[in-house]
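# Overview (structure and organization)
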Amino acid sequence: MKYARHLLWGGVTLLAGCAALPSALTTAHQATLQIMPQVIAGRRVQVSDAQGYTAADIHHFKVRLDKLAGDVVDPQHSPIVVTSEGSTANKGLTITSLASNTSYRLTAFAYKAADEGAESLINDPASSSVKVSIGTGQNAGHKTLPVALINKLFSGTATGSLSLTEGQLVTSDAQVKYGALLNTLLATDLVTPNGVAYDSSGNLFIASNTRIFKMDSNGVVTPFAGSGTSGSADSPNRLQATFSYLCGIAIDPNNNLYVSDGKLLRKITSEGAVSTPAGDIFAITDGDGTGPNARFGYMYGLVADADGNVYGADATSHKIRKFTPSGNEMTMTTIAGTGNSTDLFGPMGLARDNAGNLYVSDTANYRIRKLPFNGSSFGPLETFAGGTNGGTDGVGTNASFRNPRAITILSNGFMLVADGQDSSFFAYYPAFLRLISPSGRVSTVAGRNDFFAIYPDGRGSDAGLAASYGLAAHPTDGTVVMTDRFFNRLRKVSF
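The model shown is predicted, which means the values in this text are computed figures rather than measured ones. (Residues numbered from 1 in each chain as written. Predicted model: local features only at pLDDT ≥ 70, side-chain atom pairs only at ≥ 80, totals over all residues. Heavy atoms only, no water.)

For the rest of this paragraph, the subject is the side chain of His318. Relative to the helices and strands, His318 resides in the loop between strand E25 (310-314) and strand E26 (319-326). Its relative accessible area of 18% is what places His318 among the buried residues. One polar contact links the side chain of His318 to the main-chain carbonyl oxygen of Ala315, over a distance of 3.4 Å. Once you skip the residues sitting within four places of it in the chain, His318 turns out to touch Gly337, Thr338, Gly339, Leu344, Phe345, Gly346 and Pro347. (Helix = DSSP H or I, 4+ residues; strand = E, 2+ residues; numbered from the N terminus. Buried < 20%, exposed > 50% of the residue type's maximum accessible area, 1.4 Å probe, protein only. Polar contact = N/O pair within 3.5 Å; in protein donor to acceptor, adjacent residues only side chain to side chain. Contact = heavy atoms within 4.5 Å.)

Moving on, we get to unusual backbone geometry. Even without being a glycine, Thr192 presents a positive backbone phi close to 45 degrees. Relative to the assigned elements, Thr192 resides in the loop between strand E14 (181-186) and strand E15 (193-198). One non-glycine residue with positive phi stands out, namely Asn209, at about 60 degrees. Position of Asn209 among the secondary structure elements: in the loop between strand E16 (204-208) and strand E17 (211-215).

Most of strand E34 (residues 415-419) is tucked away, with five of its five residues classed as buried. Residues of E34 alternate between two faces, with Met415, Val417 and Asp419 on one and Leu416 and Ala418 on the opposite face, all of them buried. For strand E33 (residues 404-409) and E34, the ladder comprises four bridges, and the chain directions are antiparallel. Of the residues in E34, the one forming a bridge with Thr408 is Leu416. Between the end of E33 and the start of E34, which pair antiparallel, lie five residues, with Gly413 showing a positive phi angle near 90 degrees. (Pairing = 2+ DSSP bridges.)

Within the open sheet, the five strands sit side by side as E23-E27-E26-E25-E24. Their pairing is antiparallel. If you trace the sheet from one side to the other, it starts and ends with strand E23 (289-290) and strand E24 (299-304), each paired once.

Another point: the packing of aromatic side chains. All chains considered together, the criterion is met by nine aromatic pairs. With centroids separated by 5.3 Å and ring planes inclined at 80 degrees, the aromatic side chains of Phe296 and Phe323 adopt a geometry described as edge-to-face. Residue Phe296 is found in the loop between E23 and E24, and its partner Phe323 is found in strand E26; the two are separated by 27 residues along the sequence. Of the two residues examined, Phe296 and Phe323, each falls in the buried class. For the ring pair Tyr359 and Phe384, a centre distance of 5.4 Å and an interplane angle of 70 degrees mean the geometry is edge-to-face. (Phe/Tyr/Trp six-rings, centres within 6.5 Å; stacked < 30°, edge-to-face > 60°.)

Within the element layout of this structure, Arg491 appears in strand E40 (residues 489-494). What makes Arg491 buried here is its relative accessible area of 1%. For Arg491, the side chain forms a polar contact with the main-chain oxygen of Pro456, separated by 3.0 Å.

Take the pairing of strand E35 (residues 432-436) next. In terms of burial, E35 is largely enclosed, as five of its five residues are buried. Residues Phe432, Arg434 and Ile436 point to one face of E35 and Leu433 and Leu435 to the other, with burial holding for every one of them. When E35 meets strand E36 (residues 441-446), the two strands line up antiparallel, connected through four bridges. In the strand pairing of E36, Leu433 is matched with Ala446. The turn joining E35 and E36, which pair antiparallel and follow one another in sequence, is formed by four residues; a positive phi near 100 degrees is taken by Gly440.

Now the structure itself:
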């Protein structure tokens, strides 16, 4: 299966319907067993914050009963398979005519649809099984059958020794193989692609050197803005405007597109007009202000909020900027960073969650920072994860990063980080994708530490990565697009 076997306990109760065992299994005394597979919260293997299936995802159950010879299935007897009428707790299964002095193995199969193909199975049958032993004259009564639901975020398998006794799963030396799947999406037309952003219709916009490209929902790529000539000329026709060095890109709720173009913030309206609402291309100083009096550096991370404000991660000035609409111009204020490298050092990625909190990749300080939003203003910077140089997975500051750049937040609240190298010689590769849960658990989901294998597509550690300055989560399908500056391509990330 394509999903990870990160196990978590779920539960459902099966208490209705009946099926008789073959007469060959019956004796003078027969017992009745009511099966109780309750889906209860419990353990996961390794990645405890991974998103898993829940009882709400279950369409129906099947329970298979095998007669045992010792501790193994007796091949002389055919199994009995009973299907539930649904997944609700007040519907279940009752199996009658169980033989005395006999042991059985019960195994649960949970399906997310009426179809019972491999893609519909959402539990691990090997870990959703219990042994039932019936003595002389004993009625089996009720039995709890654990259902180990699989994880729907990662892919791979869990290995290790497992023992199951009375509804408890015990693991030892468990190892998890999981990862994000990378495929090359576009490998033509692009020159040093940096930022990417989706609009609400699923169209992708790519900032590529002096031009912006648009990829529609069918995968068709067309030039969207820029003549291809380097410059800073505005124009009522987006294809006749010029850009010099496009970095970050963001789209507001009115489908106005903003790009950081060197030391300028450029705006492309939904009607196609290009203007420069803030920035001074010749600025040699740093300072807040409106229009050309706003002076800032290169912003690779750019996001917009519902009010039309734009936020930028200023990598060269080590600050986070806020741009507020002011007529045809925008007023810039600094909301985080003092210019001191111990505060922020070369921040390159910026993301915003549904609560309005901003997350910053504090690149040269090897950490992810959080700028909490209280509804009207931002609080002081907090360290969300990392803080030391390395590639160690862990929770919060126990994790380490090599050189985190682009970041994006997925629909489930997880954050994806493009983590590169900090070596000046190998500045662009190899690179890695790191996933951070809402509670701050960091996991490496793609990339290999191999300087000579940075191009291949694949899953998890089979994929090779180079540095990315842009990540964008699709608005509906759960995939992510990342830019590859080294090979001038786009890559699609699937979980």
